[in-house]
Amino acid sequence: MDSRVGAELCAQAGEDEAFVERAFRDVLRRPPDDEARARALEKLADGTLSRATFLHELVNAPEATRVRELDDAVALGLAARARGERLSWLQAPAGTDERVVEIPWVLSRLLASGRVLEVGYAYAEPAYLGALVRAAVEVVGVDLAERDVEGIERVVADVRSLPLDDASVDQVLLVSTLEHVGADNTGYGLPAESDPGSRADALRELRRVLRPGGRLLVTVPLGEPGDHGWYRLDDVAGWTHLFTSAGLFLEEQEAYELTEDGWRAAPSFRAEGVGYGDRGPAASAVLCTELSPGRFRRLMTPDGLVRTVKRRARPLRHRS
Ligand SMILES: C[S@@+](CC[C@H](N)C(=O)[O-])C[C@H]1O[C@@H](n2cnc3c(N)ncnc32)[C@H](O)[C@@H]1O
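None of the values given here were measured: they were computed from a predicted structure.

> Teacher, can you tell me more about the overall build of the protein here?
Helix and strand content of the protein: 11 helices and 10 strands. Here the protein has a C-alpha radius of gyration of 22 Å; the compact-globule value for 320 residues is 20 Å, and the two agree. Expressed along its principal axes, the backbone C-alpha trace of the protein runs to roughly 75 × 45 × 40 Å. Considering only contacts in the protein between residues 6 or more positions apart, those separated by 24 or more positions represent 69%. Of the roughly 15800 Å² that the protein leaves accessible, carbon and sulfur atoms contribute 51%. Measuring between centres, the 41 positive side-chain charges of the protein sit 8 Å from its 53 negative side-chain charges.

> Quick question: what am I supposed to make of the sheet that holds strand β2 (residues 138-143) here?
In any sheet, the strands associate via hydrogen bonds between backbone groups, in a parallel or an antiparallel arrangement. Pairing within the open sheet is mixed, and its 8 strands lie in the order β3-β2-β1-β4-β5-β10-β8-β9. This sheet does not close on itself; its edge strands, each paired only once, are β3 (152-156) and β9 (262-265). Between one strand axis and the next, the sheet turns by 20° as a mean value, whatever way the strands run. Two elements, β2 and β3, share 5 bridges in a ladder whose sense is parallel. Note on β3: the bridge partner recorded for V139 is I152. The sheet contacts of helix α6 (residues 99-107) involve β4 (169-175), β5 (210-222), β8 (248-259), β9 and β10 (285-293), and relative to β10 the element is tilted by about 25°. Most of the contacts of helix α9 (residues 236-245) go to β8, to which it runs at about 155°, and overall it touches β5, β8 and β10.

> So what exactly am I meant to see when it comes to the site of the ligand here?
Close to the ligand lie 20 residues; R99, G120, D143, V175 and Y188 are nearest. Take D143: an N or O atom from its side chain is 2.6 Å from an oxygen atom of the ligand. In the environment of the ligand, a nitrogen atom lies 3.4 Å from a nitrogen or oxygen atom belonging to the backbone of L144. Summarising the interface, the protein chains cover 97% of the accessible area of the ligand, which totals 600 Å² for the free molecule. Mapping the ligand onto the cavity grids shows that it belongs to the largest pocket. Taken together, the residues that form the shell around the ligand break down as 11 nonpolar, 5 polar and 4 charged.

> Help me understand the side chain of S176, please; the structure alone is not making it clear to me.
Tracing the chain through its elements places S176 in the loop between β4 and α8 (198-209). Given a relative accessible area of 8%, S176 falls into the buried group. Only 3.2 Å separates the side chain of S176 from the side chain of R99, close enough to count as a polar contact. For S176, the residues in contact, after removing those within four places along its chain, are E98, R99, E102 and T219.

> Just to check I follow, could you spell out the environment of R211 for this structure?
With respect to the helices and strands, R211 occurs in strand β5. Separated by 69 residues in sequence, R211 and V142 have C-alpha atoms that sit 17 Å apart. Apart from the residues lying within four places of it in its own chain, the contact partners of R211 are A167, V169, D170 and P293. At a separation of 2.6 Å, a polar atom in the side chain of R211 contacts the side chain of D170.

> Explain the pattern of salt bridges here, please?
Oppositely charged side chains can form a pair if their charged atoms are brought close together. Scanning the model with the defined rule gives 29 salt bridges in all. A salt bridge links D33 to R30; the shortest N-O distance between them is 3.5 Å. Overall, the relative accessible area of 35% leaves D33 in the partly exposed class. Among the ionic pairs, D158 bridges to R160, the shortest N-O distance being 2.7 Å. One continuous salt-bridge network, built from bridges that share partners, spans R66, E69, D97 and E125.

> Help me understand a nonpolar patch on the surface in this model?
There is a patch of nonpolar side chains on the surface, built from M1, V5 and L9 and spanning about 350 Å² of accessible area. Relative to the elements of secondary structure, M1 occurs in the segment before α1 (3-12). A relative accessible area of 78% places M1 in the exposed class.

Parameters at a glance
- Residues numbered from 1 in each chain as written.
- Predicted model: local features only at pLDDT ≥ 70, side-chain atom pairs only at ≥ 80, totals over all residues.
- Heavy atoms only, no water.
- Helix = DSSP H or I, 4+ residues; strand = E, 2+ residues; numbered from the N terminus.
- Rg over C-alpha atoms; globule rule 2.2 N^0.38 Å.
- Contact = heavy atoms within 4.5 Å.
- Areas by Shrake-Rupley, 256 points an atom, 1.4 Å probe, with all protein chains shown as cover.
- Lys, Arg positive; Asp, Glu negative; His and termini not counted.
- Charge placed at Lys NZ, Arg CZ, Asp CG, Glu CD.
- Pairing = 2+ DSSP bridges.
- Axes fitted to C-alpha atoms, helices over the stretch in contact; angles between N-to-C directions.
- Near = heavy atom within 4 Å.
- Polar contact = N/O pair within 3.5 Å; in protein donor to acceptor, adjacent residues only side chain to side chain.
- 1 Å grid on protein atoms, 1.4 Å probe; cavity = no way out; pocket = protein on both sides within 12 Å on 5 of 7 lines; lining within 4 Å.
- Sits in = over half its atoms within 2 Å of the grid points.
- Nonpolar A, V, L, I, M, F, W, Y, C, P; charged D, E, K, R; others polar.
- Buried < 20%, exposed > 50% of the residue type's maximum accessible area, 1.4 Å probe, protein only.
- Salt bridge = Lys/Arg side-chain N within 4 Å of Asp/Glu carboxyl O.
- Patch = residues over 30% accessible without salt bridge, like charges linked within 9 Å, V, L, I, M, F, W, Y side chains within 5 Å.

Here is the structure:
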């Protein structure tokens with residue numbers, strides 16, 4: 001068989017229905033909705049749509065751009081983890097939200113094995129949750145909202161009061177979640193609260209369940225400090241003070257901001273006048289931090305952040 005004719009026969013093989021299902025899963029990472037499936041099948045059957053054009057339309061849909069951004073973020077993070085490289089000085093395109101930085105930053109620091117607590121997983125991106133499931137760690141998902149994800153143990157609980165033993169977790173992941181604790185979470189089907197002290201309560205509770213030597217990876221939005229009802233914004237000093245006053249030691253920290261050229265590391269980020277949604281679809285800047293259950297002596301060091309930033313002042317690495 002001529003190899004190109006073979007490829008042609010392969011592309012046209014099978015029922016249209018199986019082809020449409022497969023194309024949606026491969027390109028948009030979801031099953032087709034009923035309307036899209038019916039429309040595609042009707043047009044494929046009457047010859048007004050070819051398989052090549054159908055694929056072309058899917059790949060060029062705005063939804064596919066988001067799939068690509070997240071797939072890039074996951075690929076970058078997991079490959080770095082496999083090499084033992086902790087990503088820093090990340091870059092990502094303009095017009096994207098902060099997940100394109102948070103996800104690779106966190107995944108590259110994900111433990112090789114052990115028990116990992118993902119807090120606030122119920123509304124996380126499927127690409128990120130899929131990466132955690134593929135990463136061969138024991139993932140426990142904690143959220144007040146309910147979501148079943150195969151491969152993730154579900155714990156429906158308040159992060160401020162966890163049904164977990166002391167020192168029972170090797171690593172905690174908090175991706176854009178801390179700013180919502182004690183806030184108005186009606187958008188997630190939860191009651192509205194207004195309790196700023198909750199964020200420190202959550203951190204102290206996570207410190208309790210972390211084993212000595214364990215790590216907590218936190219990402220939070222940066223901006224002019226203020227309470228915005230469903231989330232809280234703070235600047236680098238404000239978040240850092242919250243972390244250290246909860247008895248956590250700053251191991252590593254990196255700020256990023258969305259510029260006209262895209263996401264860039266921002267060691268001198270200034271929060272004055274910077275609001276959520278001002279520069280793109282979500283946060284204008286984000287703080288990625290690794291914390292450990294610190295010793296009191298080290299907590300008294302006042303300039304941890306400055307030293308961390310100086311240590312990391314080396315040339316930018318470009319994302320492909
Ligand atoms: C913005 S979403 C988190 C985003 C997600 N981590 C991601 O990776 O995209 C905030 C999550 O925090 C959860 N949440 C809010 N308050 C909580 C609390 N006190 N305890 C546990 N989960 C809480 C919400 O149900 C929601 O799933």
